[in-house]
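Letter by letter, the chains look like this.
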Amino acid sequence: MKIMKLKYILSALLLALMAGAVCSCNDDSLSLDKEDVGDLTEDDVFGNPIYAKYFVNNIYFNIPDHGFQVASSWNGAYLDCATDNGEARNLSSSAQSFNSGNWNAQNCPFRGAWSNDYAQIRACNKFLANYDRIPELEGYMTRQDLESLRAQVIFLRAVYYADLLKNFGGVPILEDVLKYNDNTYVPVRSTFKETVEYVTGEFDTAAALLRNIPIESESAYYGRATEGAALAFKAKVLAYAASPLFNRPASYPQYDSADENVAIWRYPDYDKERWQVAADALKAVIDLNKYSLWTTAKGSKTAYETYFVTRYTPNETIMPKLAGPSINIYYNNLPFDFLLVNGMGTPVCYNLPTHDLVEAYEMANGMLIDQEGSGYRKLHPYFGRDPRFESTIWHDESRFCGIEFQTWRRDVTSSKADGKDYITGYSRTGYYLRKYMDVDLNPTTAVTLPNCYPIIRYADILLLYAEALNELNGPEDPGVAEAVNLVRSRASMPDLQTTFANRGWEMTQENVRNLIVNERRIEFAFEEQRFWDVRRWMIGDSTQKEAHEVDIILGDDDVTKSYSSRLIEKRAWTDRMNLMPIPQAEINRCPSLVQNWGWSPASLK
């Protein structure tokens, strides 16, 4: 009972210590600096290294992701359901708000990003301000352990600032803990350039500190900040910053160029050398010689598929978000007949891959499905595709637990029943999400091992490196093919040169760019990458306006099937959606905050 009481008291204290958004300095109701919560005070927390470590653990827990820890308003949908990759079955999901365009600065589905990130930044600042008074504890926490905690907190603060940067561009930078009655602070957004420099500098600081702190057990440290994680996050920030949305070439839309505040949310000029800075940072991660792609297959699974159902994958997973033992991934994404057990057989099927995503998978020879001679068969459309397709998506005639998926329907003139997995009454696509499921386990009888959701993994670094080198030097740079080929080889796909030869494509910068765009879409499907890639590449106008299903009709002979693509949803896209709006409530409280282009109430009229 004492342990449970301590847990709840400590949780309340953490919430109090972290509460408060940037512009809440005049809001006494938030009580940001209450001296005690329950039976614990701030002095108790930072006067005891055990409580101090719990405090840091809570900051880790809140690292933003839409993997297994989705917000309730998303109704189980992952972030890819707000892209051309997926469709949320529940039409009230926040993913559908993105797709319909029914969102603004007052009701943005990510409106919690601003407050959550700043709450965690405040927690980091609170820890760093009190670090010097945290004592050692013999047998539990040495001074070196405390130094490690400090380095981790510097890393975590940079992670939250990186998330703000990705969402909003330049943001106010806070390194001090604001008091709730501090009326002197006026928040002003730093420029995009200043924010990038601050975030990357913090990752450098964290990397240098973490480099010199030995780790007794790598497995016990898994999921915490490391030198490699700090350098990888830094590299990804720089790769995003070099991308067209933030580093705008003249050939891309210049819709916001006339705005006097443009430097707040992007670089006002284009500089090709930003790709060089990104490439150097990505190469630094590669040169650690610590990471490689997961290549171990297990059971009936490919190496790619095995990776996503294996918890401990330190060679590829640079930073994971760990989840406890659960079979919810199965319950949340499989149709009803697979889960008639324990009263949890509700057919929720939260995440439905689109036919658009399915058509993006190449043939196994690297050719596109619409190319003559590719081997694509209209009556057997899933045969001979990139193996990552079968590892990611359940389709008609897939089998799991000895049960066959049946996503076909009958012709309207037929009196026979539709396939048991044909969804009616909700959004539907004809596909179900397979990624993160172990096909060698029976979810009706076995509890899976805790899942590992990759926030950043080595394949991401490799493809970003190939992208940076291609933008700098074109495909003549040997590093482009080397990096792309590593990723494709693990997937049993032909290398870049063979692929282009099979397609009859010239090895041009634009063609390689297009391949990398699609490679990232396939490799990272339902890993929270597509949403941001669409924005940084500024391709939403051509990718986010429609969603399609596969329409499979089974004849009354119970043998003949016809396949076609059918529009299921018209979606909305405008240029302002490349960045998230600062929540209007924050703008109202703090008029000194400049709203992102296109999101002010006047511009929406």
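Structure's up top.
Residues numbered from 1 in each chain as written. Predicted model: local features only at pLDDT ≥ 70, side-chain atom pairs only at ≥ 80, totals over all residues. Heavy atoms only, no water.

Here strand β4 (residues 317-322) lies mainly inside the structure; five of its six residues are buried. Where β4 meets strand β11 (residues 452-457), five bridges bridge the pair, whose relative direction is antiparallel. If you follow T317 over to β11, its bridge partner there is R457. (Buried < 20%, exposed > 50% of the residue type's maximum accessible area, 1.4 Å probe, protein only. Helix = DSSP H or I, 4+ residues; strand = E, 2+ residues; numbered from the N terminus. Pairing = 2+ DSSP bridges.)

Turning next to unusual backbone geometry. Notably, E528 is not glycine yet its phi reads approximately 65 degrees, a positive angle. The residue E528 is located in the loop between α19 (509-523) and α20 (530-537) in this model. The exposure class of E528 is buried, given its relative accessible area of 14%.

What follows is about the packing of helix α18 (residues 496-503) against α19. The geometry of α18 relative to α19 is characterised by a closest axis approach of 12 Å and an angle of 105 degrees between their N-to-C directions. When the axis of α18 is compared with that of α19, the two are roughly perpendicular. Taking contact as the criterion, the partners of L496, T499, F500 and R503 in α18 are, on α19, N511, V512 and L515. Of the residues assigned to the contact of α18 with α19, the class counts are four nonpolar, two polar and one charged. (Axes fitted to C-alpha atoms, helices over the stretch in contact; angles between N-to-C directions. Parallel < 35°, antiparallel > 145°, perpendicular 65-115°, else oblique. Contact = heavy atoms within 4.5 Å. Nonpolar A, V, L, I, M, F, W, Y, C, P; charged D, E, K, R; others polar.)

Moving on: the packing of aromatic side chains. This model, assessed by the stated rule, comprises 38 aromatic pairs. Judged by centre distance (5.8 Å) and plane angle (90 degrees), the ring pair of F308 and Y436 falls under edge-to-face. Here F308, found in the loop between α12 (303-307) and β4, pairs with Y436, found in the loop between β10 (432-433) and β11; they are 128 residues apart in sequence, far enough to count as distant. Like F308, the residue Y436 is buried in the burial classification. Feature note: the residues W74, F98, W103, F110, F531, W532 and W599 constitute an aromatic cluster, connected by ring pairs. The residue whose ring lies beneath R248 is Y255, and the NZ or CZ to ring-centre distance is 5.1 Å. (Phe/Tyr/Trp six-rings, centres within 6.5 Å; stacked < 30°, edge-to-face > 60°. Lys NZ or Arg CZ within 6 Å of the ring centre and 35° of its normal.)

Next up on the list: the side chain of T407. Mapped onto the elements, T407 comes out in the loop between β8 (403-404) and β9 (409-410). Engagement of the side chain of T407 in a polar contact is seen with the backbone oxygen of G430, the distance being 3.4 Å. Residues within four places of T407 in sequence aside, it is in contact with D396, D421, Y422, R428, G430, Y432 and I552. (Polar contact = N/O pair within 3.5 Å; in protein donor to acceptor, adjacent residues only side chain to side chain.)

So, about the packing of helix α6 (residues 143-168) against helix α9 (residues 227-242). Between α6 and α9, the shortest axis-to-axis distance is 11 Å and the interhelical angle comes to 20 degrees. One element, α6, and the other, α9, form an angle in the roughly parallel class. In this structure, α6 crosses over α9, and the sense of that crossing is left-handed. In this structure, α6 uses F155, V159, A162, L165 and K166 to contact α9, whose residues at the interface are A229, A230, F233, V237 and Y240. The residue makeup of the contact of α6 with α9, split by class, is nine nonpolar, no polar and one charged. (Left-handed = near helix turned anticlockwise from the far one by under 90°.)

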